[in-house]
Each structure stands twice: as C-alpha cells, then as structure tokens.
Amino acid sequence: RKEVEQDPGPFNVPEGATVAFNCTYSNSASQSFFWYRQDCRKEPKLLMSVYSSGNEDGRFTAQLNRASQYISLLIRDSKLSDSATYLCVVFGGSQGNLIFGKGTKLSVKP
Amino acid sequence: SAVISQKPSRDICQRGTSLTIQCQVDSQVTMMFWYRQQPGQSLTLIATANQGSEATYESGFVIDKFPISRPNLTFSTLTVSNMSPEDSSIYLCSAGDVYGYTFGSGTRLTVV
C-alpha cells in the first residue's frame, strides 16, 4: 500500500460546482496533515492544514478521520482560478519530512 | 512562514556535467529537504540537508550523485553530478516544521 493515496484525476467541473477530493494514508503514527496546491510549472503552496475537528477556510473545508486514516478536501462554488493540482500531504516521514500523494488535477470550466 | 529563494530557476546542461542548485532561506530553519519532481509525477524526497553533518539520503539516491551542503541554518546546495538525460526534472528545496513547509520556486533542469 502506498504511503499516501489520492483519488485519480482529472476532475473536470463547471464553475460553481462543489468538488470533493479524498486521500488515505498508511502510517497511523503520522502527525500532521496538509493540502497543498500546485499550479502548472510552479512549486507547491500550502492551501490548508487538516485537523481532526475539521477546519474551514472560505470555500474550502478539510476533514481528518484518524480512525480511518482518511483526509478530505471540499471546494464549494468552484472558480476558474481553482484549477490546479491538489496534493494530499502527510508529515511524518523517517526524516521528519513531508510525504506527498500523486495529486489530483482539477479543471474548472466556464 | 519561511521564504525561500532558489536558483537557478532553469538550466539546460550537457550530459556528463554537473549543476549546483542553491537555496537561501530568510530565517533560520532546522529542517531543509531536497525533492525531485519528474514530469507528471508527485514530489520524491532526495535527502534531508543536515546542518553541520552529512545529508541523509533516501533509498535510490546517493551522495556521489547528489552531494548536498548545509553550512548554516539558512542555506543549502544540491549538486546533480555527471548528469544524464534521466536527470531532467524539477528540483525543489523545502524548509519548515511540523506546522507546514514552504518550497523554493524550483529548478527546471534539462540534460541534453
């Protein structure tokens, strides 16, 4: 089983749609969880951290279920500018590093 | 969060040569890492850059091929040695802590 697995993409949605990304991780001792966004030919940028209590930042909601080792990201009212690759990221590699999922590509169409 | 300056942003190199990539952080950070991202793939950790000691390499990456320096808590270099076309990739440095990491803007390397 891969350390971090994400939904296969791409997701093609119209503007205004709600889209959900799912992710599972294999190491139950993982400490912190994040969603990063990566635009084409750019470096990854932190979108939001993920907490067990769930957290919301505007149109974005992230959830963590430690028992199921499952992380989700919900984007409401999608904008054209949301088009990017979304990376599920877990902190807790052997070197204290981040472990990345392969990413899910989102394309929001007019 | 830390701001990282990475250079060069891109380079085209002849096979058999070496390229050194630099990352400068605007604050002292304990952890710095070097990643590689091949086309269409996610990020793969190359090594952890340790200040004052040898870098710690992940499986499949060796010091002779990817020597790393970390002379202080704000600076690190990665050298891609004896390059071949298979080394064509984006190389990224990263710094941070358990609360989140930031990345340099990446070096897009093409080996011809």
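Residues numbered from 1 in each chain as written. Chains lettered and ligands numbered in written order. Predicted model: local features only at pLDDT ≥ 70, side-chain atom pairs only at ≥ 80, totals over all residues. Heavy atoms only, no water.

Caption draft 1: Structural detail: the overall build of chain B. On a plain count of helices and strands, chain B comes out with 0 helices and 11 strands. Secondary structure elements of chain B, listed N to C terminal, follow the sequence β-β-β-β-β-β-β-β-β-β-β. Projected onto the principal axes, the alpha-carbon positions of chain B cover approximately 35 × 25 × 20 Å. Taken across its 112 residues, chain B has 49% of its residues classed as buried. Relative to all contacts within chain B whose residues are 6 or more apart in sequence, the contacts with residues 24 or more apart total 52%. (Helix = DSSP H or I, 4+ residues; strand = E, 2+ residues; numbered from the N terminus. Buried < 20%, exposed > 50% of the residue type's maximum accessible area, 1.4 Å probe, protein only. Contact = heavy atoms within 4.5 Å.)

Caption draft 2: Representation of the overall build of chain A in the model. Secondary structure summary: chain A contains 0 helices and 11 strands in total. Counting from the amino terminus, chain A carries its helices and strands in the arrangement β-β-β-β-β-β-β-β-β-β-β. Rg of the C-alpha trace for chain A: 13 Å, near the compact-globule value of 13 Å for 110 residues, within the 12% margin. When the backbone C-alpha atoms are referred to their principal axes, chain A occupies close to 40 × 30 × 20 Å. Among the 110 residues that make up chain A, the fraction classed as buried is 48%. Intrachain contacts of chain A at a sequence separation of at least 6 include 55% that bridge at least 24 residues. As displayed, chain A has an accessible area near 5400 Å², and 48% of this comes from carbon and sulfur atoms. (Rg over C-alpha atoms; globule rule 2.2 N^0.38 Å. Areas by Shrake-Rupley, 256 points an atom, 1.4 Å probe, with all protein chains shown as cover.)

Caption draft 3: Local environment of the interface of chain B and chain A. At the interface, 22 residues of chain B touch 19 residues of chain A. Together, the buried faces of chain B and chain A total about 1600 Å²; carbon and sulfur atoms form 53% of this surface. The interface formed by chain B and chain A holds 0 salt bridges in total. Across the chain B-chain A interface, the total number found is 4 residue pairs in polar contact (both at pLDDT 80 or more). Taken together, the elements giving at least two residues each to the side of chain B that touches chain A come down to strand 4 (31–37), strand 5 (43–49), strand 9 (89–97) and strand 10 (100–103) of chain B. A per-element tally of the side of chain B that touches chain A places strand 4 of chain B first, with 4 residues. In terms of residue class, the side of chain B that touches chain A is built from 10 nonpolar, 8 polar and 4 charged. (Buried area = accessible area lost by both parts, 1.4 Å probe. Salt bridge = Lys/Arg side-chain N within 4 Å of Asp/Glu carboxyl O. Polar contact = N/O pair within 3.5 Å; in protein donor to acceptor, adjacent residues only side chain to side chain. Nonpolar A, V, L, I, M, F, W, Y, C, P; charged D, E, K, R; others polar.)

Caption draft 4: Quick look at the side chain of serine 107 of chain A. Locating serine 107 of chain A in the fold gives a position in strand 11 (residues 104–109). Ignoring sequence-local partners within four residues, the contact set of serine 107 of chain A consists of Phe11, Asn12, Val13 and Ser83 of chain A.

Caption draft 5: Structural detail: the pairing of strand 7 (residues 68–72) of chain B. Residue and element names in this part refer to chain B. In this structure, strand 7 lies alongside strand 8 (residues 75–80), joined through 3 bridges in antiparallel fashion. In the strand pairing of strand 8, asparagine 72 is matched with phenylalanine 75. What sits between the antiparallel neighbours strand 7 and strand 8 is a turn of 2 residues. (Pairing = 2+ DSSP bridges.)

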